[in-house]
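# Coordinates in review
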Amino acid sequence: MTERKTLDERQQMSDLERLRHSCAHVMATAILRIWPDAQFAYGPPVENGFYYDFDMEHRITPDDFEKIEKEMKKIAKENQKFERTVLTRADAIAMAESGRLGGLTERPGNPSKFKLDLIEKIPADEEISCFKNGEFIDLCAGPHIGYSSKCKNVKLMSVSSSFYMGDEKKGQLQRLYGTAFAKKDELMDYLERLEEARKRDHRKLGRELGLFHIDEAVGQGLVLWKPKGSLVRRQLQDFITEELDKQGYFQVFTPHIGKLDLYRTSGHFPYYQESQYPAIAERDTLEKLADEDATCASLINGLEQGTYEGYLLKPMNCPHHIKIFDSDHHSYRDLPVRLAEFGTVYRWEQSGELGGMTRVRGFTQDDAHIFCTPDQVAAEVTGCLDLVKKVLSTLEMNDYRVRLSLRDPESDKYVGSPENWDKAEDALRQAVQTLGVEYTEELGEAAFYGPKIDFVVKDVIGRDWQLGTVQVDYNLPVRFNLSYVGSDNQPHIPVMIHRAPFGSMERFTGLLIEHFEGKFPTWLAPEQVRVLPISDKTMEAAEQATQQLADAGIRVTIDRASEKLGAKIRNTRLDRVPYMLVIGQREAEEGTVSVRHRDFDDLGAKPLDQFLADIQQEIKTRALKPA
């Protein structure tokens, strides 16, 4: 609400948005019938639903939802017509002063304070209108549906606090969220997906399974990988590293900070500083400015203008990899040079946008940069795309679309010449056509230095996630004056390809937790096998089996608790361990194990050697389920 939409923009609503906007008015009507003193601010449609901000003495809680929904359904049955009326500014002010706008009747002594403020914000040349349904009249530009009878498939979702116009100085309001659909089965499907999402929420499962932790004492958006989560991450890194070794990549390591001049050259600083951590001044500079009683503004301006030297927590790995490439002399015979790093970068995300592992302030990219000749671009891009496809197919994440992100010719946020941009976009367009999948071209979504191909994966509950990315860059090599000696013995500028199959280890792992509902396939599972002795009499045999599995590289534990077997099995299932090996007296005597699987229950008795061979093959092939 901080940026006011034009009347034309307000009319650009889909049919579903019109329905949800109308449901917001029905909800306001219902609240006023129950609590007539409510003062309403605004109630727009939003993604997945609608809300209304309001102020009143009674504090809404989920216990009130049923009562409000009952009144809303009553209003739907009344089939109230949504009627638009154009008002003069004077009439609008008079209605607001009487309490009629945003109310069911005139309310002497209780003027519509938010409506008065909103009227004042309407430009002098803009038409003022209100909408009436039943006894409720609200200041509104619309649009709406015809009648309230279509507002019957609704559900109130949550209530929270908000600030009027997003400004905490203007007072706190209540915000009630709801959702609505044209058909009842669409509403039920949505609610079922939400319930499935709650069950799979990686924040909930990550806490229950001991995978990661975010601590206020460390900082918002900074992930602490716990031992079990670190095992999952290590397996993913090993998976990619194997493929990189096959494809001739060299792994490198770079520091977490770099000089500001490095990022001035790349273009990251100061033009994108709103998404970066503040620059770090050198200690000598801080001491000098302190002695001079200088202001913070002078320090910030000096860092931005280059008067003072400083450092930056790296927002990207590419400038560091560029400097590694530039540290050696290169001939065309040396190219392509492929440099890879699990490099941690830092971005300043707004606190309200942070969410578990999927939106963080510090994250590790499975990053790589390829420096090649123009003739090698097509083959290298295809190799990068094949790697992303292999990652997704191995994890059976096959429901994805491909987005070709291009520059917006009307925008000035991009660096480099139009000619280089055209070459890069043509190279990616040709490469994406080899994938054999549908793709879309989206203007304005390119990185500031080059176009990119993004893989947008749809998860098991229908949500889209942008994961793997491949980018072609003709611009940074120019900005850093990179060169190689061509076959003509003359210097030439290489092309740079950026690629990250996972995107970030944090987001990808968070997605995998939800994708598998914490039930990782055996090769990824932090604990692959749990040995369950039936009693102390079989403990020795269980310990021997555990040791044999551990010696073979299996991640295995033994349950030494004195509980009954049923409780041990239940606990193991709760911990999402793929295999349980039950050892009773008979198994101890015969050298066998009774095999149970988390998802397939009892698989029968097997010699321990046979089970070991089977699980090793399952891990080696990165299978998602037993053979």
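Refer to the preceding data block for the structure.
Just so we're clear, the structure is a prediction, and the values are computed from it rather than from any experiment.

About the thresholds
- Residues numbered from 1 in each chain as written.
- Predicted model: local features only at pLDDT ≥ 70, side-chain atom pairs only at ≥ 80, totals over all residues.
- Heavy atoms only, no water.
- Helix = DSSP H or I, 4+ residues; strand = E, 2+ residues; numbered from the N terminus.
- Contact = heavy atoms within 4.5 Å.
- Areas by Shrake-Rupley, 256 points an atom, 1.4 Å probe, with all protein chains shown as cover.
- Lys, Arg positive; Asp, Glu negative; His and termini not counted.
- Charge placed at Lys NZ, Arg CZ, Asp CG, Glu CD.
- Buried < 20%, exposed > 50% of the residue type's maximum accessible area, 1.4 Å probe, protein only.
- Polar contact = N/O pair within 3.5 Å; in protein donor to acceptor, adjacent residues only side chain to side chain.
- Expected span 1.5 Å × (residues − 1).
- Arc of directions from axis to C-beta.
- Phe/Tyr/Trp six-rings, centres within 6.5 Å; stacked < 30°, edge-to-face > 60°.
- Lys NZ or Arg CZ within 6 Å of the ring centre and 35° of its normal.
- Pairing = 2+ DSSP bridges.
- Axes fitted to C-alpha atoms, helices over the stretch in contact; angles between N-to-C directions.

### Quick notes on the overall build of the chain
When helices and strands are counted, the chain shows 20 helices and 28 strands. Across its three principal axes, the chain shows a C-alpha extent of roughly 85 × 75 × 60 Å. In the chain, once contacts between residues fewer than 6 apart in sequence are set aside, the share between residues at least 24 apart is 72%. Surface accessibility of the chain: about 30,200 Å² in total, with carbon and sulfur atoms responsible for 48%. Within the chain, the 102 negative side-chain charges are centred at a point lying 5 Å from the centre of the 83 positive side-chain charges.

### Thoughts on the side chain of threonine 358
Along the polypeptide, threonine 358 turns up in the loop between strand S15 (337-346) and strand S16 (362-372). Its relative accessible area of 15% is what places threonine 358 among the buried residues. In terms of polar contacts, threonine 358 uses its side chain to reach the backbone carbonyl oxygen of glycine 355, at 2.9 Å. For threonine 358, the residues in contact, after removing those within four places along its chain, are His202, Trp465 and Arg507.

### Some thoughts on helix H3 (residues 65-77)
The terminal C-alpha atoms of H3, which comprises 13 residues, lie 18 Å apart, in line with the 18 Å expected from a rise of 1.5 Å per residue. Every buried residue belonging to H3 is among Phe65, Ile68, Glu69, Glu71, Met72, Ile75 and Ala76, and all of these are buried. Looking down the long axis of H3, one finds its buried residues gathered within 160° of arc, a one-sided arrangement. Projecting away from the buried face of H3 at angles above 90 degrees are the exposed residues Glu66, Lys70 and Lys77. Of the surrounding secondary structure, the elements contacted by the buried residues of H3 are helix H2 (15-34), strand S3 (49-55), strand S7 (154-163) and strand S8 (172-180). Immediately downstream of H3, the backbone of asparagine 79 shows phi near 50°, a positive value.

### Considering the packing of aromatic side chains
Applying the stated criterion to the full structure yields 14 aromatic pairs. Their ring planes at 75° and their centres at 5.3 Å tell us that tyrosine 579 and phenylalanine 611 sit as a pair that is edge-to-face. A residue pair is termed long-range when its members are at least 10 positions apart, and tyrosine 579 in strand S26 (residues 579-583) and phenylalanine 611 in helix H20 (residues 608-620) qualify at 32 residues. Judged by relative accessible area, which is 4%, tyrosine 579 ranks as buried. The rings of Phe40, Tyr52, Phe54 and Phe136 are connected pair by pair, giving a single aromatic cluster. Above the plane of the ring of tryptophan 523 lies arginine 622, whose end atom (NZ or CZ) is 5.2 Å from the centre.

### Here's the deal with the sheet that holds strand S20 (residues 464-473)
Read across the open sheet, the 8 strands follow the order S11-S15-S16-S23-S20-S19-S17-S18; overall the sheet is mixed. Lying at the two open borders of the sheet, with one neighbouring strand each, are strand S11 (250-251) and strand S18 (439-443). Note: S15 against S16, 10 bridges, orientation antiparallel. Residue pairing across strands places valine 337 opposite phenylalanine 371, the latter belonging to S16. Sheet strands touched by helix H12 (residues 318-326): S15, S16 and strand S23 (495-500). Its angle to S15, the strand with the most contacts, is close to 145°. Packed on one face of the sheet, helix H14 (residues 418-432) meets strand S17 (400-406), S18, strand S19 (452-458) and S20 and runs near 165° to S17.

### Digging into the environment of leucine 565
Within the secondary structure layout, leucine 565 lies in helix H18 (residues 565-574). The exposure class assigned to leucine 565 is partly exposed, which follows from its relative accessible area of 25%. Separated by 114 residues in the primary sequence, leucine 565 and proline 451 have C-alpha atoms spaced 58 Å apart. In this structure, leucine 565 is in contact with Leu532, Ile534 and Val582, ignoring residues within four places of it in sequence.

Remember that the coordinates give geometry; whether it matters functionally is a separate question.
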